[in-house]
Number of protein chains: 2
Amino acid sequence: MKNILLLIILTFTSMVFSQTDEEVLKTIYTQSLTNGKAYEWLDHLSNTIGGRLSGSENAEKAVAWGKTELENLGLDNVWLQEVMVPKWIRGEKESAYFITGSGTSVPVAICALGGSIATSNSGLKAKVIEVQNFEELSTLGKDAIKGKIVFFNRPMQADLITTFSAYGGCVNQRYAGAMEAAKFEAAGVIVRSMNLRLDDFPHTGSMSYGDLPNDQRIPSAAISTIAAEKLSEALKNDTNLEFFFKQSCEQLADVKSYNVIGEITGSEFPNEYMIVGGHLDSWDLGDGSHDDGAGVVQSMDVLRLLKESGITPKRSLRVVLFMNEENGLRGGNKYAEEAKKNKETHVFAPESDSGGFTPGGFSFDCSDANFEQVLSWKALFKPYLIHYFEKGGSGADVGPLKNDSNVLAGLRPDSQRYFDYHHASNDTFDAVNKRELELGAATMTSLVYLFDKYGTNPLTSSKALKN
Amino acid sequence: MKNILLLIILTFTSMVFSQTDEEVLKTIYTQSLTNGKAYEWLDHLSNTIGGRLSGSENAEKAVAWGKTELENLGLDNVWLQEVMVPKWIRGEKESAYFITGSGTSVPVAICALGGSIATSNSGLKAKVIEVQNFEELSTLGKDAIKGKIVFFNRPMQADLITTFSAYGGCVNQRYAGAMEAAKFEAAGVIVRSMNLRLDDFPHTGSMSYGDLPNDQRIPSAAISTIAAEKLSEALKNDTNLEFFFKQSCEQLADVKSYNVIGEITGSEFPNEYMIVGGHLDSWDLGDGSHDDGAGVVQSMDVLRLLKESGITPKRSLRVVLFMNEENGLRGGNKYAEEAKKNKETHVFAPESDSGGFTPGGFSFDCSDANFEQVLSWKALFKPYLIHYFEKGGSGADVGPLKNDSNVLAGLRPDSQRYFDYHHASNDTFDAVNKRELELGAATMTSLVYLFDKYGTNPLTSSKALKN
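Note that the coordinates shown come from a computational prediction; the quantities given were computed from them, not determined experimentally.

Conventions used here
Residues numbered from 1 in each chain as written. Chains lettered and ligands numbered in written order. Predicted model: local features only at pLDDT ≥ 70, side-chain atom pairs only at ≥ 80, totals over all residues. Heavy atoms only, no water. Domains from an automatic or database assignment. Contact = heavy atoms within 4.5 Å. Buried area = accessible area lost by both parts, 1.4 Å probe. Salt bridge = Lys/Arg side-chain N within 4 Å of Asp/Glu carboxyl O. Polar contact = N/O pair within 3.5 Å; in protein donor to acceptor, adjacent residues only side chain to side chain. Helix = DSSP H or I, 4+ residues; strand = E, 2+ residues; numbered from the N terminus. Nonpolar A, V, L, I, M, F, W, Y, C, P; charged D, E, K, R; others polar. 1 Å grid on protein atoms, 1.4 Å probe; cavity = no way out; pocket = protein on both sides within 12 Å on 5 of 7 lines; lining within 4 Å. Points joined across faces, edges and corners; volume = space filled by probe spheres on them. Least-squares fit on C-alpha atoms with pLDDT ≥ 70 in both. UniProt positions renumbered as here; feature names shortened; annotations may be inferred. Expected span 1.5 Å × (residues − 1). Buried < 20%, exposed > 50% of the residue type's maximum accessible area, 1.4 Å probe, protein only. Pairing = 2+ DSSP bridges. Axes fitted to C-alpha atoms, helices over the stretch in contact; angles between N-to-C directions.

A. Inspection of the domain arrangement of chain A at higher detail. Residue and element names in this part refer to chain A. When its domains are assigned, chain A resolves into domain 1 (21-88 + 253-466) and domain 2 (91-248). Taken together, the contact pairs 18 residues of domain 1 with 23 residues of domain 2. Broken down residue by residue, the surface that domain 1 buries against domain 2 is led by W88, F419 and D420, which jointly contribute 39%. Across the contact surface, domain 1 and domain 2 share 1 salt bridge. Between R197 and D420 there is a salt bridge, with its nearest N and O atoms 3.8 Å apart. In this assembly, domain 1 and domain 2 are joined by 5 residue pairs in polar contact (both at pLDDT 80 or more). A per-element tally of the side of domain 1 that touches domain 2 places helix α12 (residues 418-421) first, with 4 residues. Residues of the side of domain 1 that touches domain 2, tallied by class, amount to 7 nonpolar, 8 polar and 3 charged.

Quick look at the structure:
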């Protein structure tokens, strides 16, 4: 009887481990598409909890939920990692309008940028000066700018194929617009939303005053792309028109929050750590489904899909739900600090923080030798239409783990629709397609499986496709 | 003065023609993303005209609109090609419910399948027998089926990566379900919608009675996936439950309609024809934005984008807006017949009929030698994340042009969301993303440019990437 049991165990074990890589990837994708949990999790995170800005009650609900769900997976360890986070609150809904030359008041959709100060209780009304960039500010100088609202209206560049490149070319207006305009004693700042579409959603996002003393700080808001076009058009007819906006946001004292971490201890190299992650916090306007609920639930499902596929990683594998990516990166920095303090070797860290759209592949931040190794796995992904394996950035939260020997990565989904929703009130559950989300989870899981199996020793790279 | 003019002309000409292929593709994509017309056209076709089933008033409006818009482009020839098409009308909105064991009436979302007969004026009420496939029908036999409503409930297979494969594995239930069930004297047929999502939209589509005499034909309808699940669940508790549905659709006599054709005459080989196309007709429930408004406007924009990019094709290039792809393929067949009659050599025919989503590449129906040639251009598309160049099918409308020497192709966009909308009332303009649509138009245009430049002579294939 004992022998029979042993035989059964051995048969089962060899069945699992004799699968070729092709077969394992097929198992993982099938599991995700027919038995995935990411979508159900996202439904809860988005529709029951909702937007979860750092320091908010919802963020704490998300922490508690994440911990419970990871515990339900039967991982080896689940814990919270304390981290102090900024707490910025939006206050009352913003209001804004401009007055045309003929005296008509045109209401416009705006939202305060994260980190901005409020206007006075009665709001701010001033003339508007439209600029495209900081150089133009310098050229105009204080005489032209002082006391006015600076309107940054440089659109995202539509002919860039990857929309993140277009974002990168514009976002300094949002992040540093107030800081730069304040140098010329502007009264406030309005920034065209980082959105390639013409619609009426204002898109928030982080901004900074840098070292600017409190008494020189000016309120800063995003305006919808449609309103930006309207305002620009109206300014052509009347450069003296007045713009009014009112916002009551506030930066409060830092509060305690947490990264949520779950771990499967490695069977052979428990002291080598792989992590998968996304960020649990989101902006407050929508429910943060694409940014970054998708990354959170995909990362959680990586560990579950490996278990469901009968795979026990040789290296320790953690899922990290980072807190405060949006306005501080305190969670990512804290995780890296603790890892350093505890002398943990982090060998691999893919992040999903580019939306829950159909995955195209990954961007890898690593050495050339490690990239060669990674490239040797690319052909395995062809049946899943995963084609993008390129060197480049990874993810904001995993970035602080970077060293000379590890591999950081970012999942790269189709980016065309990302900025339709990014940081706006329409970033909601209904904008996420179940299959697209599940394909992303399977793609992350497959890469973790391959990394765990082959590591980053270039000498072993030729094994990957032969097995 | 004459010499200066000549110099200017020569300089301009050489400027255009000395562009490398990389530069031309960049120009084409930039034109499409910053100066594209596809989205504006689709807005009109979808929102002003709307659903345009063959033989309907809207279909004729779409023909007139297409002709006018092509004429506005200043093409060399624009004409209508007459074709007789079937005219099926839906009649009054369908209604359906089932009655549970406890006597509760549960309303369900259904729609008549295209080509189906009506129920009687008072509707059809009968017991239900659920099956997965035709084999099961045979096994059950007439005793079990006679007088009942056959409920085909085989779902699309979720673990297939390309959703068209999942569609291919299910659609015989819709197309031939009534024909097969009628052999066993079923009273009617209800088919689970061809949809991978659980939602409440019934999806119509074509069905056929084959050679079945009129008096043996039975009504056939699609049921939403949510309703299919509910009905299946209820049947587990009560195999005797009754299902009611009523529909008043009707097949009328064929009517006259048209393919819309626009042509740029080739500068060097006017007797070699390349065509790009999509189908102008759509189902009636939505406005046919993805199926196939997208393909229509992308194909129209191919000719415009070439003109805007300063490219005059050496071969004659036609855009063909095919009529009646959905329920007859009369337009595609007619076009091929006329081409044969007129001894026109068609060398290249890409079709866009898989939705206006982010393009991944093309499927090619051609000889191995021609495919080698096509593959030599693939690297040029990498900056645009176009990665899929595979042998396979092309498009229904261009299919009849197939011969041993030409190249048929189908644009292959991301397929994950296609069947969320396909043939349902939610296939509407708001489900199309402007950039995704424009990337498809640019990708089609680029392939046409390369085909026109290099042709299909394998001996010239090595030139493509060197120029």
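B. Examining the interface of chain B and chain A more closely. In this assembly, 28 residues from chain B lie in contact with 28 residues from chain A. In total, about 2,400 Å² of surface goes out of reach between chain B and chain A, with carbon and sulfur atoms giving 55% of it. Among the residues chain B hides against chain A, the three largest losses belong to I161, Q416 and R435 of chain B. Together they make up 27% of the total. On inspection of chain B and its partner chain A, the count reaches 6 salt bridges. A salt bridge links K382 of chain A to E390 of chain B, with the shortest nitrogen-to-oxygen separation between them at 3.0 Å.

C. Fine view of empty space enclosed by the protein. Considering all chains together, one arrives at 2 cavities of 30 Å³ or more under this definition. Of the voids in this model, the largest cavity is the one considered here, and its volume is about 50 Å³. In terms of lining, the largest cavity is formed by S282, W283, D284, L285, G286, G288, D291, H423, A424 and D427 of chain A. Here the lining of the largest cavity is built from residues that sort into 3 nonpolar, 4 polar and 3 charged. Residue lining of the second largest cavity: W283, G286, G288, D291, H423, A424 and D427 of chain B, and that is the complete set. Of the residues that constitute the lining of the second largest cavity, the class distribution is 2 nonpolar, 3 polar and 2 charged.

D. Looking closely at unusual backbone geometry. Residues and elements named next belong to chain A. Here the bond from D291 into D292 is cis, since omega is 5°, no more than 30 degrees from zero. Tracing the backbone through its elements, the reader meets D292 in helix α9 (residues 289-308). Unlike most non-glycine residues, L329 shows phi in positive territory, near 60°.

E. Representation of the relation of the copies chain B and chain A in the model. For the pair chain B and chain A, the relating rotation is 180°, the translation along its axis is 0.0 Å, and the fit reaches an RMSD of 0.0 Å. A rotation of that kind, with that shift, is consistent with a two-fold axis. Among all C-alpha atoms of chain B, that of H387 of chain B lies closest to the rotation axis, at 3.4 Å.

F. View of the environment of E325 of chain A. All names here are of chain A. Within the fold, E325 resides in the loop between β12 (315-322) and α10 (330-341). Residues E325 and D397, spaced 72 residues apart in sequence, show a C-alpha to C-alpha distance of 6.5 Å. Not counting residues within four places of it along the chain, the set of residues in contact with E325 comprises H279, D281, D353, A396 and D397.

G. Seen up close, the UniProt feature "domain: Peptidase M28" (unreviewed entry) in chain A. UniProt's entry tags residues 259-444 of chain A with the feature "domain: Peptidase M28" (unreviewed entry), counted in the numbering of this structure. Split by type, residues 259-444 of chain A is 30% helix and 27% strand. Its first and last C-alpha atoms lie 20 Å apart.

H. Layout of helix α8 (residues 225-237) of chain A. Residues and elements named next belong to chain A. Under the 1.5 Å per step criterion, the end-to-end length of α8 is 19 Å for 13 residues, consistent within 8% with the ideal 18 Å. All of the buried residues along α8 are T225, A227, A228, L231, S232, A234 and L235. Contacts made by the buried residues of α8 are with β2 (95-99), β5 (124-131), β6 (149-152), β7 (188-192), β8 (220-223) and β9 (242-246).

I. Seen up close, the sheet that holds strand β13 (residues 345-351) of chain A. Residue and element names in this part refer to chain A. Taken together, 8 strands build an open sheet; the order of strands is β1-β10-β12-β11-β13-β16-β14-β15 and the sheet is mixed. Two strands close off the open sheet at either side, each with one partner strand: β1 (77-89) and β15 (388-391). On average, each strand axis in the sheet is inclined to that of its neighbour by 20°, with strand direction left out of account. Strand direction decides the pairing type here: strand β11 (residues 269-279) and β12, joined by 8 bridges, are parallel. Residue pairing across strands places H279 opposite F322, the latter belonging to β12. In the packing of helix α13 (residues 434-454) onto the sheet, the strands contacted are β11, β12, β13, β14 (359-365), β15 and β16 (407-413), and the crossing angle to β14 comes to about 40°.

J. Local environment of the side chain of T119 of chain B. Its location among the elements puts T119 of chain B in the loop between β4 (110-112) and β5 (124-131). If we skip the residues at most four places from it in the chain, T119 of chain B touches L124, P219, F245, K246 and Q247 of chain B.

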